[in-house]
Amino acid sequence: MISLDISDKVRLFDSMILPILCYGSELWGFHKAVDIERVHTKFLKQLLSVRQQTSNVCVYGETGRFPLYVYRQIRIIKYWFKLISSRDSLMYSLYNLKSNNGAFTNSWTNNVHNLLRELGLPYMIDKNIVSRLDLNLIIQRIHDQYIQTWFSELDNIPTV
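Structural notes, computed from the coordinates. Position numbers for residues start from 1 in each chain and track the written sequence from start to end. Only residues with pLDDT of at least 70 are given local features in this predicted model, and only at 80 or more are side-chain atom pairs given and counted; all residues enter the totals for whole chains, interfaces and linings. Side-chain descriptors were evaluated using all non-hydrogen atoms of the structure, hydrogens and water having been removed beforehand.

A word on the overall build of the chain. In terms of regular secondary structure, the chain is built from 8 helices and 0 strands. Secondary structure follows DSSP: runs of H or I at least 4 residues long count as helices, runs of E at least 2 residues long count as strands, and numbering of each begins at the N terminus. Listing every helix and strand of the chain by position from the N terminus yields α-α-α-α-α-α-α-α. Along the first, second and third principal axes, the C-alpha set of the chain runs to 60 × 40 × 30 Å. His residues and chain termini do not enter the charge count, which takes Lys and Arg as positive and Asp and Glu as negative. All charge positions are set by atom: Lys at NZ, Arg at CZ, Asp at CG, Glu at CD. Taking the 18 positively charged and 14 negatively charged side chains of the chain as two groups, their mean positions are separated by 3 Å.

Another point: the pattern of salt bridges. One speaks of a salt bridge when a side-chain nitrogen belonging to Lys or Arg is within 4 Å of a carboxyl oxygen belonging to Asp or Glu. Inspection of the entire model under this criterion finds 6 salt bridges. A salt bridge links Arg65 to Asp14, with the shortest nitrogen-to-oxygen separation between them at 2.7 Å. Of this pair, Arg65 sits in the loop between helix 4 (56-63) and helix 5 (68-85) while Asp14 sits in helix 1 (residues 6-21); the two residues are 51 residues apart in sequence, bridging distant segments of the chain. Categorising residues by exposure relies on relative accessible area from a 1.4 Å probe, with only protein chains included: less than 20% of the type maximum marks a residue as buried, more than 50% marks it as exposed, and the intermediate range marks it as partly exposed. Of the residues examined, Asp14 reaches a relative accessible area of 29% and is grouped as partly exposed.

Attention shifts here to helix 5. The terminal C-alpha atoms of helix 5, which comprises 18 residues, lie 26 Å apart, in line with the 26 Å expected from a rise of 1.5 Å per residue. Within helix 5 the residues assigned to the buried category are Leu68, Tyr69, Val70, Arg72, Gln73, Ile74, Ile76, Ile77, Trp80, Phe81, Leu83 and Ile84. To estimate the expected span of a helix, subtract one from its residue number and multiply by 1.5 Å.

A few words now on helix 8 (residues 132-155). In this model helix 8 runs 35 Å from its N-terminal to its C-terminal C-alpha over 24 residues, within 8% of the 34 Å that 1.5 Å per residue would give. By the burial criterion, the buried members of helix 8 are Asp134, Leu135, Ile138, Ile139, Ile142, His143, Tyr146 and Trp150.

Attention shifts here to the packing of aromatic side chains. Two aromatic rings, taken as a pair, are described by how far apart their centres are and by the angle between their planes. Any two rings among Phe, Tyr and Trp, with Trp reduced to its six-membered ring, count as a pair given centres within 6.5 Å; such a pair is stacked if its planes are under 30 degrees apart, edge-to-face if over 60, and tilted if neither. What the rule picks out here adds up to 10 aromatic pairs. Ring centres of Tyr92 and Tyr95 lie 5.9 Å apart, and the angle between their planes is 40 degrees; on these two criteria the pair is classed as tilted. Residue Tyr92 and its partner Tyr95 are both found in helix 6 (residues 90-95); the two are separated by 3 residues, about one turn of the helix. Tyr95 shares its class with Tyr92; the two are buried. Here Tyr95 and Phe104 contribute two aromatic rings whose centre-to-centre distance is 6.5 Å and whose plane-to-plane angle is 35 degrees, an arrangement assigned as tilted. Taking the relative accessible area as the measure of exposure, Tyr95 reaches 4% and is therefore buried.

Now for the side chain of His40. With respect to the helices and strands, His40 occurs in helix 3 (residues 34-48). Not counting residues up to four positions away in its chain, the partners in contact with His40 are Phe13, Tyr60, Arg65, Phe66, Pro67 and Leu68. Should any heavy atoms of two residues lie within 4.5 Å, those residues are considered in contact.

With that settled, consider the environment of Arg87. Its location among the elements puts Arg87 in the loop between helix 5 and helix 6. When its relative accessible area of 35% is taken as the criterion, Arg87 is described as partly exposed. Sequence-wise, Arg87 and Lys32 are 55 residues apart; in three dimensions their C-alpha atoms are separated by 30 Å. Setting aside anything within four residues of it in sequence, one finds Arg87 in contact with Tyr92, Lys127, Asn128 and Ile129. Polar contact is the term for a pair of N or O atoms within 3.5 Å; when the atoms are in protein, one must be able to donate a hydrogen and the other to accept it, and sequence-neighboring residues count only if both atoms are side-chain atoms. At a separation of 2.4 Å, a polar atom in the side chain of Arg87 contacts the side chain of Tyr92.

Once that is clear, we can look at unusual backbone geometry. For Ala33, which is not glycine, the phi dihedral falls at a positive 50 degrees. Here Ala33 lies in the loop between helix 2 (25-28) and helix 3. A relative accessible area of 12% means that Ala33 is categorised as buried. The phi angle at Ser49 is positive, at roughly 60 degrees, despite the residue not being glycine. Within the secondary structure layout, Ser49 lies in the loop between helix 3 and helix 4.

Set out below in structure tokens:
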């Protein structure tokens, strides 16, 4: 039997399992995907040798990991950045497609705009040029928003 450090096991999960769980999530990753999150939390709980009933909030805190929906949101934002950086592409034309009343017709576009609004960054929607610095700001905001949620959930865990 091979004995691996926790960091090696996490690296293996991130390189072999995470790409499968998040395959194509740039397009479908707007929802929480509870079953996919369950795979991740089950792995983390086995890694820590804790019961499956252990609070996910505690497991994420102990491992320093984020739920997979955070990773998916980052993938979506990176794809959006790539898309708006290539304005001559067909994909950008589809992204920017509007109806006669000026509303975006693509549901993915609307979902990205809603995500940016939820992050408190609605001004990014109409920016003509989004820089790498802006992209890093959005990614940091995704992390910060989850950390705030994590603290809130941690406060709500019943104590024994």
